[in-house]
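Structural features, examined
Below are the chains, spelled out letter by letter.
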Amino acid sequence: MELFVFVCAALMVLVGALGVVLRSNPVHAALSMILTLFGIAVLFVSREANFLAAVQVIVYAGAIVVLFLFVIMLLGVDRAEDLRTEPLGRIQRPLAVILGLGVFAVLTTAVVRARESFRFKGDGVQVANLQDPDGNIRQIARSIFGDYVVAFELTSVLLIVAVVGTVVLARRRKSDRTSA
Amino acid sequence: MIGMIAAAVVPTTTWYLVLAAGLFAIGMIGVLVRRNPLIMFMCIELMLNAVNLTFVALATELTDIDGQTAVFFVLVVAAAEVVVGLGIIVSIMRRRQQATADDLAALKG
């Protein structure tokens, strides 16, 4: 059963990722990314990270992809583009694929050879069960609001800066309006 | 027969890590191959998700909740990054429709 879930979720992830890279229409690419993100959420659940799976669906699939779609529609680029344009010469794409496969090979080798270091164990992860359904959320909350509370506070500064910066960037300036 | 084999084989942490490596490689190829800034941005999100998957898989394997906390912060930073990046893309594309990443090599608008 676990194997079945893993294989299905892995297929979702890989098919969606290939769709993002290979689809010529940006809208289709964004929808393929939703497939990948849901696959990742399923894998999170199978690794007992229930809170993060919910956050993944809400923040990524719910907010970020919708933002992408908004921008695609706003700019009116929702049509297929010609993928065969080769601005940097004929050699760039094969080189990129070779480089990607090389990175995959290196990462896989590193992951397989790092298996011995898995014996170092931490303080334990609480797994949700019927007696204690929200153990995972409680443990993450302890970690965020206890050990990492300074980083959490800095996160609020980051979000404010991002919002203000985006408003400044996307606003039409007065000089643009008079000249246009 | 197949059902018995499937019940006996349990996906280990290494499977998750190899899958994450594959997702990262696909995202990287996408950034290198595509010319549309929006698609390149989506591929960066794919790479971020690969790293998140690694964090969660290892948090369970090493029984340490800090991995899941790191994913939480990565999600927040990714949201902020998407907002700023899309703001930049909108302000560029408003001036020049059909701009590709190569046209944007010079920083002046």
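Residues numbered from 1 in each chain as written. Chains lettered and ligands numbered in written order. Predicted model: local features only at pLDDT ≥ 70, side-chain atom pairs only at ≥ 80, totals over all residues. Heavy atoms only, no water.

**Side note on the overall build of chain A**
Using the following cut-off: By definition, any uninterrupted DSSP run of H or I lasting at least four residues is a helix, any uninterrupted run of E lasting at least two residues is a strand, and each is numbered from the N terminus. Radius of gyration: over C-alpha atoms. The globule rule applied is 2.2 Å multiplied by the number of residues raised to the 0.38 power. To sort residues, take the accessible area from a 1.4 Å probe on protein chains only and compare it with the maximum for the residue type: under 20% means buried, over 50% means exposed, and anything in between is partly exposed. Contact definition: two residues touch when any of their heavy atoms are within 4.5 Å. The accessible surface values rely on the Shrake-Rupley method and a 1.4 Å probe; as for residues, cover is taken only from the protein chains in view. When charges are counted, Lys and Arg contribute as positive and Asp and Glu as negative, whereas His and the chain ends are disregarded. For the purpose of locating charges, the reference atoms are NZ of Lys, CZ of Arg, CG of Asp and CD of Glu.
Counting its regular elements, chain A contains seven helices and zero strands. Its C-alpha atoms give chain A a radius of gyration of 22 Å, more than 25% over the compact-globule value 16 Å for 180 residues. The C-alpha extent of chain A, read off along each of the three principal axes, is 65 × 45 × 30 Å. A buried classification covers 31% of the 180 residues belonging to chain A. Once local pairs closer than 6 in sequence are excluded, the contacts in chain A between residues at least 24 apart make up 53%. Within the structure as shown, chain A displays about 11100 Å² of accessible surface, and the carbon and sulfur contribution to it stands at 70%. Each charge sign in chain A was given a centre, from 17 positive and 13 negative side chains, and these centres are 9 Å apart.

**Remarks on the interface of chain B and chain A**
Put simply, the test is: Accessible-area loss on putting two parts together, using a 1.4 Å probe and summing over both, is the definition of buried area adopted here. For salt bridges, the criterion is a side-chain nitrogen of Lys or Arg within 4 Å of an Asp or Glu carboxyl oxygen. Polar contacts here mean pairs of N or O atoms no more than 3.5 Å apart (in protein, one a potential hydrogen donor and the other a potential acceptor; neighbouring residues in sequence count only if both atoms are side-chain atoms).
Taken together, the contact between chain B and chain A spans 73 residues of the former and 83 residues of the latter. Buried area between chain B and chain A, summed over both chains or domains, comes out near 7200 Å², and the portion from carbon and sulfur atoms is 74%. Summed over the shared surface of chain B and chain A, the result is zero salt bridges. Across the chain B-chain A interface, the total number found is 14 residue pairs in polar contact (both at pLDDT 80 or more).

**Structural notes on the packing of helix α5 (residues 135-147) of chain A against helix α4 (residues 66-95) of chain B**
When two helices pack together, their arrangement is given by the angle between their axes and by how far apart the axes lie. The cut-off we apply is this: Between the N-to-C directions of two axes lies an angle of 0 to 180 degrees, each axis being a line fitted to C-alpha atoms and, for a helix, fitted only over the stretch in contact. What sets the label is the angle itself: under 35 degrees gives roughly parallel, over 145 gives roughly antiparallel, 65 to 115 gives roughly perpendicular, and the rest give oblique. Ten residues, namely Ala, Val, Leu, Ile, Met, Phe, Trp, Tyr, Cys and Pro, are considered nonpolar, four, namely Asp, Glu, Lys and Arg, are considered charged, and the remaining ones, Gly among them, are considered polar.
Axis separation between α5 of chain A and α4 of chain B bottoms out at 9 Å; the angle between their running directions is 75 degrees. Relative to α4 of chain B, α5 of chain A is oriented roughly perpendicular. Judged by residue contacts, N136, I140, S143 and I144 of chain A of α5 of chain A engage D66, Q68, T69 and F72 of chain B from α4 of chain B. Residue composition of the contact of α5 of chain A with α4 of chain B, grouped by class: three nonpolar, four polar and one charged.

**Remarks on the confidence of the model for chain A**
Fine structural detail should not be taken from predicted coordinates in areas where pLDDT scores are low. We apply this condition: Note on scores: pLDDT gives the predictor's confidence for each residue, bounded by 0 and 100.
Across chain A, the average pLDDT comes to 86, with 91% of residues at or above 70. Element-level pLDDT for chain A is lowest in helix α7 (residues 174-179) of chain A, with a mean of 57, against a maximum mean of 94 in helix α2 (residues 26-46) of chain A.

**Here we look at the packing of aromatic side chains**
Which entries qualify depends on this criterion: Under the pairing criterion, centres of Phe, Tyr and Trp rings, with the six-membered ring standing for Trp, must be within 6.5 Å; the plane angle then separates stacked pairs below 30 degrees from edge-to-face pairs above 60, leaving the rest tilted. By the criterion adopted, a ring carries a charge over it if an Arg CZ or a Lys NZ lies within 6 Å of its centre and within 35 degrees of its normal.
Using the criterion set out here, one finds six aromatic pairs over all chains in the structure. With centroids separated by 5.6 Å and ring planes inclined at 65 degrees, the aromatic side chains of F6 of chain A and W15 of chain B adopt a geometry described as edge-to-face. Placement of F6 of chain A in helix α1 (residues 2-22) and of W15 of chain B in helix α2 (residues 13-33) is noted, with the two residues assigned to different chains. Taking the relative accessible area as the measure of exposure, W15 of chain B reaches 33% and is therefore partly exposed. Centroid distance F72 of chain B to F73 of chain B: 5.7 Å. Interplanar angle 75 degrees. Geometry classified as edge-to-face. For the pair shown, F72 of chain B and F73 of chain B are each scored as buried. Here R47 of chain A stacks its cationic end above the ring of Y16 of chain B, 4.7 Å away from the centre of that ring.

**Observations regarding the pattern of salt bridges**
All names here are of chain A. Inspection of the entire model under this criterion finds two salt bridges over all chains. Among the salt bridges present, the one from R138 reaches D132, with a minimum N-O distance of 3.0 Å. On the basis of relative accessibility, which here comes to 24%, the residue D132 falls in the partly exposed class. Residue R138 is joined to D134 by a salt bridge in which the shortest nitrogen-to-oxygen separation is 3.4 Å. Overall, the relative accessible area of 37% leaves R138 in the partly exposed class. Residue classification places D134 among the partly exposed positions, given a relative accessible area of 38%. Taken together, the shared-partner salt bridges in this structure form one network comprising D132, D134 and R138.

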